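Each chain, letter by letter, is given below.
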Amino acid sequence: MRKYFAEFLGTFMLVFLGTATVVVAKGDVLSIGLAFGLAITVSAYAFGGISGGHFNPAVTTAMLINRRINAMDAVGYVIAQILGAIVASAAVRSFVSALGLATNALGQTDFPKISAGMAFFVEALVTFLFLMVILNVTSNDHGNGDFAGLVIGITLAFLIIVALNLTGGSLNPARSIGPAIFAGGSALSHLWVYILAPEVGAILAAFCARVLGSED
């Protein structure tokens with residue numbers, strides 16, 4: 001249970017700090033990217049030693065494919081991650097309500113400017129790149145465990161900066177599920193993109209990372 005609780009806390013931290021920066025602090029593109037990136041870095045160093053620091057169902061999928069985690073733990077991780085995101089979004093909603101702001105604006109991900117097909121491509125691509133970094137920087141063969149959390153956080157920040165005005169830059173089904181449940185609207189109806197596309201990117205990354213020798 002310690003592993004699952006660590007995944008819950010890490011995902012809570014990611015969604016809470018990231019989406020609160022969007023709607024409470026009203027951050028710009030750079031600050032939003034850094035908020036999510038630094039949140040994952042802090043969570044990785046705080047809780048990664050307990051659970052491995054996935055905090056993202058797409059990461060767990062790639063780790064399962066490459067046999068770094070067993071199926072039972074993978075299911076537990078995903079449940080914990082989604083619950084962490086939901087509780088974090090509930091907390092952000094309470095802050096937004098206290099400030100008298102619109103409670104349907106919770107830092108949810110959506111794609112009002114592009115088609116669903118392009119949004120799917122964007123999310124799959126940035127998640128693929130994110131997972132390629134994660135799988136290689138944490139590799140027993142050529143990774144660097146001491147700096148893995150920092151590298152992963154920087155990578156997430158830059159990828160979110162690139163994707164923010166296209167799709168909101170999710171790269172994480174749990175990160176999109178939490179806010180969408182409370183915000184509703186098109187964020188909820190488009191949620192399938194933010195669940196399927198990161199998983200596709202993660203699956204492709206899991207196999208491509210093997211080509212680079214990320215696995216034993």
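Quantities reported herein were computed from a predicted structural model and do not represent experimental measurements. (Residues numbered from 1 in each chain as written. Predicted model: local features only at pLDDT ≥ 70, side-chain atom pairs only at ≥ 80, totals over all residues. Heavy atoms only, no water.)

## Observations regarding the pattern of salt bridges
- In the structure shown here, the tally under the stated rule is two salt bridges.
- Among the ionic pairs, aspartate 73 bridges to lysine 3, the shortest N-O distance being 2.7 Å. You can see aspartate 73 sitting in helix α4 (residues 71–98) and its partner lysine 3 sitting in helix α1 (residues 2–23), a full 70 residues away along the chain.
- What makes aspartate 73 buried here is its relative accessible area of 13%.
- The class of lysine 3 is partly exposed, set by a relative accessible area of 30%.
- Among the salt bridges present, the one from glutamate 215 reaches arginine 68, with a minimum N-O distance of 2.9 Å. Taken together, the positions of glutamate 215 in the segment after α9 (191–211) and arginine 68 in the loop between α3 (57–65) and α4 put the pair 147 residues apart, joining distant regions of the chain. (Salt bridge = Lys/Arg side-chain N within 4 Å of Asp/Glu carboxyl O. Helix = DSSP H or I, 4+ residues; strand = E, 2+ residues; numbered from the N terminus. Buried < 20%, exposed > 50% of the residue type's maximum accessible area, 1.4 Å probe, protein only.)

## Let's talk about the side chain of arginine 175
- Looking at the element boundaries, arginine 175 is found in helix α7 (residues 173–183).
- A distance of 2.8 Å separates a polar side-chain atom of arginine 175 from the backbone oxygen of glycine 107.
- The contact partners of arginine 175, leaving out residues within four places of it in the chain, are Val15, Thr19, Phe36, Ala85, Gly107, Gln108, Thr109, Gly169 and Ser170. (Polar contact = N/O pair within 3.5 Å; in protein donor to acceptor, adjacent residues only side chain to side chain. Contact = heavy atoms within 4.5 Å.)

## Examining the UniProt feature "transmembrane region" (unreviewed entry) in the protein
- Here, the residues flagged by UniProt with the feature "transmembrane region" (unreviewed entry) are residues 35–53, 74–96, 116–135, 147–171 and 191–212.
- Here residues 35–53 is 89% helix and 0% strand, with 17 Å between the C-alpha atoms at its ends. (UniProt positions renumbered as here; feature names shortened; annotations may be inferred.)

## Topic: the packing of aromatic side chains
- Enumeration over the complete set of coordinates arrives at six aromatic pairs.
- Between phenylalanine 16 and phenylalanine 95, the ring centres sit 5.8 Å apart and the planes meet at 70°, which makes this aromatic pair edge-to-face. With phenylalanine 16 in helix α1 and phenylalanine 95 in helix α4, this pair connects stretches of sequence that are 79 residues apart.
- Taken together, Phe12, Phe16 and Phe95 form an aromatic cluster joined through their ring pairs. (Phe/Tyr/Trp six-rings, centres within 6.5 Å; stacked < 30°, edge-to-face > 60°.)

## Regarding the environment of serine 43
- By secondary structure assignment, the location of serine 43 is in helix α2 (residues 29–51).
- Once you skip the residues sitting within four places of it in the chain, serine 43 turns out to touch Gly10, Met13, Gly48 and Phe55.

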